[in-house]
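One letter stands for each residue in the lines below.
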Amino acid sequence: MFTHYCISAWRNIVKNGLFSLINIFGLAVGLASCILILLFVKAESGFDSWVPQADRIVRLHTAYTFPDQPEFLTVRSAGKMKDAIENYASNQVETATRIAPIHFAVNRDKDAFAEQIMFVDPSFFNVFDLPFVQGDRARSFSKPMDLVVTERTAIKYFGRTDVVGETLTICCLEDQTYSLAITGVIKDFPDNSHFNLDFIVQIQPELFAKYPGILDTYTSVNVYTYFKLLPNVAIDAFQERIYQWVNNESPFSQMLVEYVGTDGKAKATDNVKHRVMALKNLHLDAKPYSGTMGDLSPMGDRKMINTFSVVALLVMVIACINFMNLATAKSSQRAKEVAMRKVLGASRLQVATQFLSEAIALVFISLLFALAAVELLLPLYSDAIGRDIQFSLLGNPLLLLGFVVLALVIGVGAGAYPAVYLSRYIPGDILKSSKGAESGSTAKVRSALVVFQFSTSICLLICTAVIFSQTVYSNNVDVGYGYKNKLVLNIDAAGENKESLREQLLQIQGVANVVFSSEVPSQDNENNTTFKLMEPTETGGPGQIQLLNHHAMGYGFFEAYNIQPIAGRLFSEEYGSDVMLNSDADNPNSASVILNESAVKKYGFKSAEQAIGNVLHVESWGNHYLTVVGVIPDIYFRSIKFSVRPTAYTLNPNRLRWATVSYTNTNVPQLVTAIEKVWASTVPMQPVHITFLNEMMAAQYKSEQIQAKLFSTFSFLAILIACLGLYGLAAFTAERRAKEIGIRKVMGAGVRDIIILLVWQFSRPVLLANLIAWPIAIYAMANWLQGFTYRLELYWVLPICVVAGILSLKVAWLTVGGNAAKVANANPIKALRCE
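Residues numbered from 1 in each chain as written. Predicted model: local features only at pLDDT ≥ 70, side-chain atom pairs only at ≥ 80, totals over all residues. Heavy atoms only, no water.

## With respect to the sheet that holds strand β23 (residues 690-692)
Strand pairing in a sheet is mediated by backbone hydrogen bonds. Such pairs are either parallel or antiparallel. The 4 strands are arranged β14-β22-β13-β23 in an open sheet whose pairing can be described as antiparallel. Each end of this open sheet is capped by a strand with a single partner; those strands are β14 (511-517) and β23. Sheet twist, expressed as the mean angle between neighbouring strand axes with direction ignored, is 25°. Judged from the 6 bridges that link them, β14 and strand β22 (residues 658-663) form a sheet pairing that is antiparallel. Looking across to β22, one finds that Asn513 is bridged to Ser662. Taken strand by strand, helix α21 (residues 668-682) contacts β13 (486-490), β14, β22 and β23, and its axis lies near 145° from that of β23. (Pairing = 2+ DSSP bridges. Helix = DSSP H or I, 4+ residues; strand = E, 2+ residues; numbered from the N terminus. Axes fitted to C-alpha atoms, helices over the stretch in contact; angles between N-to-C directions. Contact = heavy atoms within 4.5 Å.)

## A closer look at the pairing of strand β8 (residues 167-173)
Two elements, strand β4 (residues 93-108) and β8, share 3 bridges in a ladder whose sense is antiparallel. Looking at the pairing, Asn107 lines up with Thr169 of β8. As paired strands, β8 and strand β9 (residues 176-186) are joined by 6 bridges and run antiparallel to one another. Within β9, the residue paired with Leu173 across the bridge is Gln176.

## Concerning the nonpolar core
Counting 80 residues, the largest nonpolar core has Tyr381, Phe391, Phe454 and Ile462 as the members making the most contacts within it. Elements with a minimum of two residues in this core: α2 (17-44), α11 (302-329), α13 (348-385), α14 (397-423), α16 (440-476), α23 (702-736), α25 (751-785) and α26 (797-824). Phe391 has contacts with Ile35, Leu39, Leu371, Val374, Glu375, Leu378, Leu399 and Phe403, leaving out every residue within four places of it along the chain. Within the second largest apolar cluster, 31 residues are counted, among which are Phe557, Phe558, Val644 and Met697. (Core = buried A, V, L, I, M, F, W, Y, C linked by side-chain atoms within 4.5 Å. Buried < 20%, exposed > 50% of the residue type's maximum accessible area, 1.4 Å probe, protein only.)

## Remarks on the pairing of strand β12 (residues 272-278)
Regular strands have side chains that alternate between both faces of the sheet. In terms of burial, β12 is largely enclosed, as 5 of its 7 residues are buried. Direction of pairing for strand β1 (residues 57-64) relative to β12: antiparallel, over a ladder of 7 bridges. Across the sheet, His61 pairs through a bridge with Arg275, a residue of β12.

In structure tokens form, the structure reads like this:
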């Protein structure tokens, strides 16, 4: 019986070549799309579940909320929070550790590489029980500055993994180099890890004495803090315990009284929130809490995963709808076959099984083509989404079994309705009428499915257009400064040689200028501190304190970026009072500060000119009285997904860590080579890292670009599959209505009239699909655009909907028009000839 089903299924597939081809191609495209998206979802899911006792590990995140300030979010925490919470919640916490990532040059012999060193507490391996291949957990951190590396790092520097006892040199901290002894080698971290720690060093607190903002602080967020909870301790209970500490025993309450001026009734947690998140949720759920500072590795996005999972399902459903529509459409031609089978003794179950077997056969044929397509497209797909997606079918029996089950489910799901519909025919009715009969309800169901197909496709098309438009808008918005023809260097390692480096860079042909700064555009380390206004304004009394973002800029920075003051002046070497010098409580320093427009409004000045000459007091880097000498426009120093903050710009030489090189040389490779030579002669122990500023600016919108690529690709595929189905239905309709069309032509109807008749029949469901898709797409995109502080106005979505509607209608016309024209031009005599 099974052999008979297979032979019959194959004969029917060959007999109905066009419809079988459409089904196989549509299902193959749908399956390939579904597989590609599922591979992406699989790669993004299950992060850190490999860590032993991962369900007991949480990380502390920080959020500051102050009046008239955008919420400051980060997945980092302050250095003192670990000990404070660990002691306060000792009945809930087993152990805790901090990770402080710092970039150094790692040297061995004559080789030097820029690496990220992870300074951790001695308890690190008690929190993360990582597998050692050399050394062991108990003895690897016996003293400060002990170094543990991964296998790939050992091979990179030594060509082998048995490297315990070897040393590596890091450069430089306070112009000092340090030799680190390797005490252990751990296995490489798997890809599904939110961190990849190649260099793990036990913290030596004395090294950070000059940088209290890293370890010795309750407010500056520069470390990642992890807690390992005791067994059976609920995360919610631990979270509540942290809130109790913040409100009752932490120093935050007094800090807020000094800054916000609360009356003591407000809770500290109203302004300072310390949230914990389970380790296994960090990759997909931490992004909304990360602000602009990012994580130890690129973060995933659960919303994006959910969205593309739905897209995969919709594309697959559209392909299945094609099968159901074409199968039911062809049912009238197979009505006699069904009747004869039943007359000869076949039961309804056997007939249904026959048609289900045909459906499953089609799906398995489609699956083979889909797997081949995935294998071919995977490199391009991986490159497009920025992830190395692996696909090893033969090496993963469970994955192969999963695809077989998927094919069976799709085959049964897509073939169930046609099988039930076709097997219900009563032989007498069919044979008596000498033709197949199609009920009105079946035609209505088919029309409804076509509407669903095009509604989904149009919705995806609109979403793609909006995402692409917002990305273009983000990349082309006037950020307030010029960023083209600029590259940046991290000059922190140059130490005392910064000016010498600058002078040598200026000698390179094509270099226009070289300026220093603490950060460059697109870098935003969320530097915030309080500035006290010494004189009253009309809206605030003397001594008012405001929390401002701050950056240190060297001479010529604003000029190099084409930023002009709207009041006052910029920093200039002609004035000896601009530079911030070392100071303390007994020896205050007078210097200059430049504010942006938002900061001027924050202090209550009515105009930029009114702010000039006022004095701000700041104690973050000593004891400084800063005179406002200039006001510049608000500039987008970070992504336009975030608002412009009130900002103060100072000239603090101790914080100048980046150089911006503006160039006019069109031979960029030659320019880069010349810069590398200058760097090698000036900073020989540090590798140079050159980045083009326009690439850094574009990288801020990488996730949106990936979304746009994926949406556009799968929207196109969804429309393609829908059009294939429409083409098949049009071909069937034209064939079934051949006699009707012949009679119309005999009665005087022209070719144009026939084409309009047939095209209009399929235009109505597409028009209805537009009416359904537009509200859904507008609602979805309105929510998506809320993630951008500066975004396209919502009214732009409506013309996008109109364009998408017209485009879908024209695509439908082109799809149907060919068949319509063929039938309309046919000789009516052939259609009217007796069968």
